[in-house]
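An overview of the molecular structure
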Amino acid sequence: MKRRNFIKNATVSGVALTGIGSVLNATASESKISNSAKFKLKYAPGLGTFREHVGDDPIENIKFIADQGFTAVFDNGLMGRTAEMQEKIGSELARLGLDLGPFIVYAHHGAKYMVTDDPEVTKMLVGKTAEALEVQKRTGAKTGLITPGIYDEKMDWDYQTINVVNHMRACCDVAGKSGLDLVLEPLNHQVDHPRLFLTKMAQAKLICVAVNHPSCKIVDDMYHQQITEGNLIMNMDLCWDYIGAFHIGDNPGRKEPTTGEINYQNIFQHIYKKGYKGTLCCEHGKSLKGKEGELAFIEAYRKVDAFEV
């Protein structure tokens, strides 16, 4: 099945694909309309988001994502792929003109590492950053992601902050050699990740200011921050100069926009008007299973992207 014709063959009922002026029971003339109208912002589905339509092959996923009007992708596990596959991904993204969102350089949500004053941790993180530069060369990635792990209940919080700053500065000194940004991600501890050290935007900004390196940035995960502190627009404005990427997910449930309480259309309009040119990774699940869920995913982004400019 050709990707551009998947809609006319869909058998799902009740999902309106307004972005292409068609519905699933499309007429013959309507079914010829492509779904390739470009989104206003660089929403980035993960590789594998549309496996029900095109399988697990990353290259086929990239083609399908581009055909649906998305202009970016993300792949948390990019560092774990073979060098050959990384090069193929980079080549296909370049051919189609798609951006690549942050990939994970290092994240262990159940371990204590960056809060410690441990030279071995610095060595490990610097080594991971050096590996990330090789991934950057193969794929054209601009951003890698690091999380600091859990906190130490026996150590004063400020000392832990100092240790995180020192580790991050060492990593940025390496990443800066090739212009790779390293984004710190605050995560919620109420629902998903108990005992994490980094949870708030202001805390992330404080670390970035202390690191004082152009490669040190923040990924604003709006799902996590809605749980942790809310005030999504206010906090992104206060941290704007340090935001290197966004993650998307509605709350509760961490599914596509329109399934929860976050007014993503207003938020995306705000981000657009501020002139943001980076990626917004669709780091969430789907509210429906199978092909129906993948079509609902696309329709949700068409809906929230329909803001006035």
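Description of the pairing of strand 10 (residues 243-247)
Counting buried residues along strand 10, five of its five residues qualify, which places the element largely inside the surrounding structure. In this sheet, strand 10 lies alongside strand 9 (residues 216-221) in parallel orientation, the contact comprising four bridges. When the bridges of strand 10 are listed, Ile218 appears paired with Ile243. As paired elements, strand 10 and strand 11 (residues 279-281) share two bridges and run parallel to each other. Paired with His247 across the bridge in strand 11 is Cys281. In this fold, strand 10 hands off to helix 9 (residues 264-273), which returns the chain to strand 11; that crossover is right-handed.

A closer look at the pattern of salt bridges
Following the criterion strictly, the structure yields 15 salt bridges and no others. In this structure, the salt-bridge partner of Asp75 is Arg81, at a minimum N-O distance of 2.6 Å. Among the ionic contacts, a cluster of salt bridges with common partners joins Lys42, Asp99 and Lys142.

Structural notes on the confidence of the model for the protein chain
Chain-level pLDDT for the protein chain is 91 on average; 89% of the residues reach the 70-or-more range. Segment residues 1-34 is flagged for pLDDT under 50; beyond a separation of four residues in sequence, or across chains, it makes 56 contacts in the model.

Topic: the nonpolar core
The biggest cluster of nonpolar side chains holds 77 residues, and the ones touching the most others in it are Tyr43, Phe268 and Ile271. Ranked by the residues each element gives to this core, the list is headed by helix 5 (residues 157-175), at seven residues. Residues in contact with Ile271, not counting those within four places in the same chain, are Leu41, Met236, Trp240, Phe246, Tyr276 and Leu280.

What counts and what doesn't
Residues numbered from 1 in each chain as written. Predicted model: local features only at pLDDT ≥ 70, side-chain atom pairs only at ≥ 80, totals over all residues. Heavy atoms only, no water. Buried < 20%, exposed > 50% of the residue type's maximum accessible area, 1.4 Å probe, protein only. Helix = DSSP H or I, 4+ residues; strand = E, 2+ residues; numbered from the N terminus. Pairing = 2+ DSSP bridges. Right-handed = clockwise from strand over helix to strand, strands pointing away. Salt bridge = Lys/Arg side-chain N within 4 Å of Asp/Glu carboxyl O. pLDDT = per-residue confidence, 0-100. Contact = heavy atoms within 4.5 Å. Core = buried A, V, L, I, M, F, W, Y, C linked by side-chain atoms within 4.5 Å.

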